[in-house]
Every structure is written in structure tokens, then in C-alpha cells.
Amino acid sequence: MSSILITGGAGFIGSAVAKELISQGHKVKTLDLAVLKNVGYHKMGSILDPYSVTTQMRGSDYVIHLAAALGVKRTEARRLECLYINIQGMVNVLEACVKNNVKKIVFTSSSEVYGNQKKVPISEESPVNPISNYAITKLVGEEYLRAYHEAYSLDYSVVRLFNIYGEEQRDNFVISKFVRAVCQNKPPVIYGDGQQVRSFCYVSDAAKGIVNSLFCKEANGRVFNIGNDSEPISVKKLAEKTINLIGKNGISPQYVAMENSDRTKKREVYNRIPTIEKARKVLQYSPKVSLDEGITNVINYWNRNELKV
Ligand SMILES: NC(=O)c1ccc[n+]([C@@H]2O[C@H](COP(=O)([O-])OP(=O)(O)OC[C@H]3O[C@@H](n4cnc5c(N)ncnc54)[C@H](O)[C@@H]3O)[C@@H](O)[C@H]2O)c1
């Protein structure tokens with residue numbers, strides 16, 4: 001049994017990672033700005049406060065660092081806040097790792113670091129080409145890990161997450177938005193022509209990939225794509241699939257100019273499909289949840305929790 005601190009552990013992916021670790025018999029502590037109700041291992045606090053990070057990390061063998069400012073719109077509108085949380089916060093976490101003699105840290109980077117690529121699927125060897133403030137901060141975080149390893153021998157792995165979705169995701173992400181709209185008899189809104197292709201990965205699969213990277217010695221100092229490459233789908237087809245799964249076939253998607261979306265045209269990433277061969281081979285990572293199954297879980301969640309209030 002190991003003791004693990006999860007920053008951002010009250011968040012969507014962080015809480016799934018906590019569940020996975022607890023199910024494997026590990027001891028978990030979380031640090032997050034948000035409240036995690038009735039959970040003894042959670043402490044409310046900011047990674048911007050070095051004291052909070054260092055004290056909550058005390059006694060931890062490992063750290064999984066997920067706390068971040070995210071969402072392309074928010075991180076473009078509040079650039080300095082994004083720099084502060086994602087870079088200064090990262091440095092605070094790394095400093096605390098050194099002070100607490102942590103064995104290894106896993107950092108959740110993002111597929112956004114690849115930006116638009118000529119060649120898809122995207123592998124870890126694809127050139128990085130970040131086109132947003134958020135993506136640049138993630139790449140800086142990766143570089144900090146390398147530098148802290150050089151300077152202090154702190155072991156690390158980087159996981160670049162590709163479009164993770166699931167029940168408790170905030171509803172400004174596409175699958176939650178589509179499900180919520182259609183359940184409420186509204187059209188799912190598509191920005192642009194809907195031909196953007198994504199490869200969605202269910203959150204429990206991603207959590208397993210993150211946890212596997214933590215305990216795999218062969219993963220030290222390496223970068224892994226974590227996603228699900230089995231069902232790439234255009235946003236248009238995703239909207240149609242959601243409508244079919246909910247059984248509201250009278251509803252049609254509504255098309256809106258890209259300019260009104262989270263992203264401008266310039267910041268849109270058109271084809272985002274990973275290859276996850278490296279994670280399959282090194283981490284024994286193997287995503288299991290199909291898109292139909294995952295979307296159905298999100299639909300059931302909204303029906304249970306949101307629409308009854
Ligand atoms: N969801 C995805 O598809 C996706 C894709 C790529 C990368 N990621 C990365 O995965 C991580 C988790 O993302 P998520 O989707 O669970 O988002 P989320 O917003 O649910 O989780 C992030 C958590 O960080 C916390 N946080 C923010 N600022 C903080 C601070 N100063 N101190 C402490 N906690 C703070 C938030 O309260 C939140 O609970 C992030 O690092 C994100 O960049 C997510």
C-alpha cells in the first residue's frame with residue numbers, strides 16, 4: 001500500500017483517480033480549491049499556497065498533479081490566472097515533492113500540446129505545436145518535470161490526456177453539453193460545420209491509465225498519450241449519436257458560427273486522434289468502455305441527478 005496525494009482531487013478526473021487508487025488498496029489524500037463533501041482524506045486548499053501543498057503532501061510516497069486552470073475560453077480570457085495556477089502552482093507542487101522526498105510525480109498534460117498536426121493519429125513523437133495559452137502552460141509543466149528530475153532526481157511520468165468524458169464532467173464539455181441539451185428537448189449546438197474529429201475516452205479508463213503510469217518504473221521520465229483510439233467520431237456524428245441514444249429523433253443539431261464558440265477558428269484543433277500503442281505496451285493500458293456505453297452512463301446520470309431538481 002502506498003500513500004498518494006492528488007492535487008485537483010475533487011475534480012472530474014481527480015476524483016476518478018482517487019476511486020481507482022482506493023479500490024487498489026492505497027491511501028489517498030487530496031488537495032483542491034473545491035469542497036469534496038464527507039470525504040476524510042480531502043483538504044480544501046490551493047496549490048498557489050506553498051504551505052498548504054507541503055503540509056498536505058507530508059507522508060506521501062507519490063503525487064498525481066491534476067489541479068489546473070482549464071477550458072480554452074476561460075484560460076484565454078484569464079491568461080495571467082492560467083499562467084499563475086498552471087506554472088507557479090506546478091512549481092509549488094514540485095518544490096513540495098522535493099521537500100517531502102516524494103518518489104514520483106505524474107502530471108496530467110494535454111493533447112492540446114500537439115495543436116494541429118499534419119499526420120494523424122498523433123503519437124508521442126509527433127512535434128508539439130501548442131496554439132493556446134493553456135497548451136503552452138501544459139508544455140511548460142512538462143519541461144519543469146524534466147528540469148526537476150535533472151536537478152533533484154525526482155522521478156516523473158507525463159500523461160497527455162485526449163478528450164476525457166464521463167458523468168461528473170462540468171457541462172461546458174461537448175458530451176455533457178449535448179446530453180443536457182437533448183434531455184431538455186433542445187438541439188445540441190455545433191460550432192462550425194461539425195467535421196472536427198475527436199476520439200473520446202471514458203473517465204474510468206483514463207484514471208486506470210494515470211494510475212498505471214504512476215506505478216510503472218519503465219514509465220519514468222516518459223510521456224504517454226492516454227485516450228481511446230477505437231472510435232474517432234466527428235462532432236456532427238456525435239450529436240446524432242446522442243440524439244439516437246436518448247431516443248429523441250425529432251431533434252436536429254443547430255449549427256452556429258465558430259466565432260461564437262469557446263474557440264476562435266484559429267484556435268480550433270480539427271483532427272485529434274491519438275495512437276495509444278506506447279501506453280498499451282509499457283503501461284498495459286487498455287481502455288474498455290465503448291462510446292455508446294459511456295454516453296449512456298452520462299445520459300442516465302443527467303436523468304437521475306440534474307433533470308429531477
Ligand atoms: N478533461 C479532459 O478531457 C482533459 C484533457 C486534457 C488534460 N486534462 C487535465 O486533467 C486535469 C484534470 O482535469 P478535469 O477535467 O478533471 O478538470 P476539473 O476542473 O474537474 O479539475 C481540476 C481541479 O483543479 C482544481 N483547482 C484549480 N485551481 C486550483 C488551485 N489553485 N489549487 C487547488 N486546486 C485547484 C479545481 O478546483 C478542480 O477541482 C487538468 O490538469 C486538466 O488540464 C483534462
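Up top is the structure.
Residues numbered from 1 in each chain as written. Predicted model: local features only at pLDDT ≥ 70, side-chain atom pairs only at ≥ 80, totals over all residues. Heavy atoms only, no water.

Kindly report on the sheet that holds strand β5 (residues 104-110), identifying the contributing residues and their values.
Spatially, β3-β2-β1-β4-β5-β6-β11 is the arrangement adopted by the 7 strands of the open sheet, whose pairing is parallel. Every interior strand has two partners, whereas the edge strands, β3 (42-44) and β11 (222-226), have only one. Across the sheet, the mean angle separating the axes of adjacent strands is 20° when strand polarity is ignored. In the sheet, strand β4 (residues 62-65) pairs with β5 via 4 bridges, with the strands oriented parallel. Residue pairing for β5: V63 is matched across the bridge by I105. Contacting β5, β6 (155-161) and β11, helix α5 (residues 133-152) crosses the sheet at an angle of about 160° to β5. (Pairing = 2+ DSSP bridges. Helix = DSSP H or I, 4+ residues; strand = E, 2+ residues; numbered from the N terminus. Axes fitted to C-alpha atoms, helices over the stretch in contact; angles between N-to-C directions. Contact = heavy atoms within 4.5 Å.)

Any chance you could break down the pattern of salt bridges for me, citing the residues and the numbers?
Tallied over the full model, the rule gives 12 salt bridges. Across the salt bridge formed by R272 and E112, the nearest N and O atoms sit 2.5 Å from each other. Of this pair, R272 sits in strand β14 (residues 271-272) while E112 sits in the loop between β5 and α5, and the two are 160 residues apart along the sequence. Classification of E112 by relative accessible area gives buried; the value is 6%. E240 is paired through a salt bridge with K236; the nearest N and O atoms lie 3.2 Å apart. On the criterion of helical spacing, the pair formed by E240 and K236 is a turn pair, its members being 4 residues apart in helix α8 (residues 235-246). (Salt bridge = Lys/Arg side-chain N within 4 Å of Asp/Glu carboxyl O. Buried < 20%, exposed > 50% of the residue type's maximum accessible area, 1.4 Å probe, protein only.)

Account for the environment of V63, with residues named and values stated.
Tracing the backbone shows V63 in strand β4. Among the residues examined, V63 registers a relative accessible area of 0% and is labelled buried. Here the alpha-carbon distance between V63 and L145, two residues 82 residues apart in the chain, equals 12 Å. Excluding its chain neighbours within four sequence positions, the residues that come into contact with V63 are L5, M57, V93, C97, V102, K104, I105, V106 and L214.

Outline unusual backbone geometry, supporting the account with residue identities and numerical values.
Negative phi is the rule for most residues except glycine; trans is the rule for most peptide bonds. Residue V120 is joined to P121 through a cis peptide bond whose omega torsion reads 0°. On the secondary structure map, P121 appears in the loop between β5 and α5. Phi at S153 takes a positive value of approximately 60°, unusual for a residue other than glycine. The residue S153 is located in the loop between α5 and β6 in this model.

Account for the pairing of β5, naming residues and giving values.
Counting buried positions along β5 gives 7 out of 7 residues, so the element sits mostly inside the fold. Relative to β6, β5 runs parallel, the two being bridged by 7 bridges. When the sheet's bridge partners are listed, S109 is paired in β6 with R160. Remark: the β5/α5/β6 crossover connection has right-handed handedness. (Right-handed = clockwise from strand over helix to strand, strands pointing away.)

Before we move on, could you go through the site of the ligand and cite the residues and values that matter?
Around the ligand lies a shell of 26 residues, among which F12, I13, D32, L66 and Y134 are the nearest. Interatomic distance of 2.6 Å between a side-chain N/O atom of D32 and an oxygen atom of the ligand. A distance of 2.5 Å is found between an oxygen atom of the ligand and a side-chain nitrogen or oxygen belonging to Y134. Protein chains bury 92% of the 820 Å² of accessible surface belonging to the ligand in isolation. Broken down by secondary-structure element, the contributors of at least two residues to the shell around the ligand are α1 (12-23), β5 and α5. Examining the composition of the shell around the ligand, we find that 3 residues originate from one element, β5, more than from any other. (Near = heavy atom within 4 Å. Polar contact = N/O pair within 3.5 Å; in protein donor to acceptor, adjacent residues only side chain to side chain. Areas by Shrake-Rupley, 256 points an atom, 1.4 Å probe, with all protein chains shown as cover.)

Could you give an account of the sheet that holds β14, naming the residues involved and the relevant values?
The strand order across the open sheet built from 3 strands is β12-β9-β14, with neighbouring strands paired in mixed fashion. A strand with exactly one partner marks an edge of an open sheet, and here the two such strands are β12 (233-234) and β14. Direction of pairing for strand β9 (residues 197-198) relative to β14: parallel, over a ladder of 2 bridges. Residue pairing in the sheet places R198 in a bridge with R272 of β14.

Function-wise, these values are silent; they only describe arrangement.
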